[in-house]
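Working through the structure, step by step
What follows is each chain in one-letter form.
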Amino acid sequence: MADKQKSPWTLLSVNPHVNLTVSEIESGLSFDTRLTVRVRLNSDYPDSVLACMLWMAGRYVFNGMEELDTFRDDFENHPSQRWQGIIDQWPLVFGPTETALKKLFASAKPAVKRPPWSKCPRCGAAIFGCVEGMTDIEEIERLLKNTPAPYWCRSCGQRFKFTGNWLSCTDEFTVEETIESIKHVFPTQQPSFDTLQIEAGEEHDD
Ligand SMILES: [Zn+2]
């Protein structure tokens, strides 16, 4: 079977929290805490594994920049070939290997809620970048076209379940839920400046 065309490289990054040492604080310097991995969004392995490792590293609190720098040198050095060694080397960050592997290779799960509001069942990230009541219709259209088939969560690497070409989601598409969704896509019209002026004028005449 021919491989599907791979998407271009995407950089994912996190800035984990670092408890700076006294001398680091006293230096008054600002430190680069960013950790980065390079992935292809439409490739399953090892890309979703690397995204998951980045998520786990992003939730670990590093003790000083030395620990972070040492970790970064290891983590960013060809992780797609070395990821298992990195996991074994850093139980502080990833926990015991067996537990880490369960996270990295968690089974594909349906998204929470229907598109465009779908969220990752593990970390709650908005899969299409659309936020209910916040994202307007043109933006929703653009975001959905950009991410027609999200194979895994960009935030935590959780793989999503598909039924054929369709993203599976936990919601049943009830009439009530559809009405609720439409309300968010077309927010209630705010009174325009003209309307406000007319209303103010009328009040003044009374
Ligand atoms: Zn996630």
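Below, the structure is looked at part by part. Computed from a predicted model, the values in this text were never measured in an experiment. (Residues numbered from 1 in each chain as written. Predicted model: local features only at pLDDT ≥ 70, side-chain atom pairs only at ≥ 80, totals over all residues. Heavy atoms only, no water.)

**Looking at the overall build of the protein chain**
Under the convention used in this document: Helix and strand assignments follow DSSP, with helices taken as H or I runs no shorter than four residues and strands as E runs no shorter than two, numbered in order from the N terminus. For the exposure calls, accessible area comes from a 1.4 Å probe over protein chains only, and a residue counts as buried if that area is under 20% of its type's maximum, exposed if over 50%, partly exposed in between. Contacts are residue-level and defined by heavy atoms, with any inter-residue pair within 4.5 Å sufficient. Surface exposure here means Shrake-Rupley accessible area, sampled with a 1.4 Å probe, where a residue is shielded only by the protein chains that are shown.
In terms of helices and strands, the protein chain carries 9 helices and 6 strands. Relative to its full complement of 206 residues, the protein chain shows a buried share of 35%. In the protein chain, once contacts between residues fewer than 6 apart in sequence are set aside, the share between residues at least 24 apart is 63%. For the protein chain, the exposed surface amounts to about 13,200 Å²; the carbon and sulfur share of it is 54%.

**Comments concerning the coordination of the zinc ion**
Convention followed: Atoms are scored as donors when they are N, O or S and lie within 2.8 Å of the metal, with 3.2 Å used for Na, K and Ca; no water is included, so coordination may look incomplete.
Surrounding the zinc ion are the protein donor atoms C120 (SG), C123 (SG), C153 (SG) and C156 (SG), at 2.3 Å. Taken in sequence order, the residues that donate to the zinc ion follow the motif C-x2-C-x29-C-x2-C. Taken together, the residues C120 in the loop between α6 (97–104) and α7 (137–146) and C156 in the loop between α7 and β5 (162–163) connect sequence positions 36 residues apart. Taking the relative accessible area as the measure of exposure, C120 reaches 3% and is therefore buried.

**As for helix α2 (residues 47–59)**
This is how it is decided: Multiplying 1.5 Å by the residue count of a helix minus one yields the expected span of that helix.
The end-to-end C-alpha distance of α2, which contains 13 residues, comes to 19 Å, matching closely the 18 Å that a straight helix rising 1.5 Å per residue would cover. With 11 of its 13 residues buried, α2 lies for the most part within the structure. The set of residues buried in α2 consists of D47, S48, V49, L50, A51, C52, M53, L54, W55, M56 and A57.

**Structural notes on the side chain of D74**
Rules: Whenever a nitrogen or oxygen atom comes within 3.5 Å of another N or O atom, the pair is scored as a polar contact, on the condition that within protein one atom can donate a hydrogen and the other can accept it, and that pairs from neighbouring residues in sequence are kept only if both atoms are in side chains.
Its location among the elements puts D74 in helix α3 (residues 64–75). Relative accessible area serves as the criterion here: at 16%, D74 is assigned to the buried category. A polar contact is formed between the side chain of D74 and the side chain of R82, at a distance of 2.4 Å. The contacts of D74, once residues within four sequence positions are left out, are R82, I86, Q89 and W90.

**Thoughts on the pattern of salt bridges**
Heads up, the rule is: Put simply, a salt bridge is a Lys or Arg side-chain nitrogen that is within 4 Å of an Asp or Glu carboxyl oxygen.
Taken as a whole, this structure holds 7 salt bridges when the rule is applied. The salt bridge involving R159 is made with D44; its shortest N-O contact spans 3.7 Å. Residue R159 is located in the loop between α7 and β5, and its partner D44 is located in the loop between β3 (35–40) and α2; the two are separated by 115 residues in the primary sequence. Residue D44 is classed as partly exposed on the basis of its relative accessible area of 39%. A salt bridge links D74 to R82; its shortest N-O distance comes to 2.4 Å. Accessibility expressed as a relative area gives 29% for R82, which makes it partly exposed. Salt bridges here are not isolated pairs; linked through shared partners, they connect D32, D69 and R72.

**Overview of the nonpolar core**
Here is the rule: Each nonpolar core is a collection of buried residues, namely Ala, Val, Leu, Ile, Met, Phe, Trp, Tyr and Cys, held together in the definition by side-chain atoms within 4.5 Å. For the domain bounds, the source is a domain assignment made automatically or taken from a database.
In this structure, M53, F62, F71, V93, F94 and L104 are the most contacted members of the largest nonpolar core, which totals 42 residues. Contributions of two or more residues to this core are made by β3, α2, α3, α4 (79–89), α5 (91–94), α6 and α7. Per element, the largest residue contribution to this core is 9 residues, and it comes from α2. Residues lining this core come from more than one domain, with at least three contributed by each of domain 1 (9–104) and domain 2 (106–201).

**What about the packing of aromatic side chains?**
Definition in use: Two aromatic rings from Phe, Tyr or Trp, using only the six-membered ring of Trp, form a pair when their centres are within 6.5 Å; if the ring planes differ by under 30 degrees the pair is stacked, by over 60 it is edge-to-face, and anything between is tilted. To sit over a ring, a charge needs its Lys NZ or Arg CZ within 6 Å of the ring centre and within 35 degrees of the ring normal.
This model, assessed by the stated rule, comprises 9 aromatic pairs. Taking the centre distance of 6.4 Å and the plane angle of 80° together, the rings of Y45 and W83 count as edge-to-face. Here Y45, found in the loop between β3 and α2, pairs with W83, found in helix α4; they are 38 residues apart in sequence, far enough to count as distant. An angle of 15° between the planes, with centres 5.3 Å apart, marks the rings of F71 and F75 as stacked. Here the residue F71 and the residue F75 both occupy positions in helix α3, the gap between them amounting to 4 residues, near one helical turn. F75 carries the same exposure label as F71, and that label is buried. By way of ring pairs, the aromatic residues Y60, F62, F71, F75, W90 and F94 are connected into one cluster. Between R38 and the ring centre of W9, over which it is positioned, the NZ or CZ distance is 3.9 Å.

These figures capture arrangement, not role.
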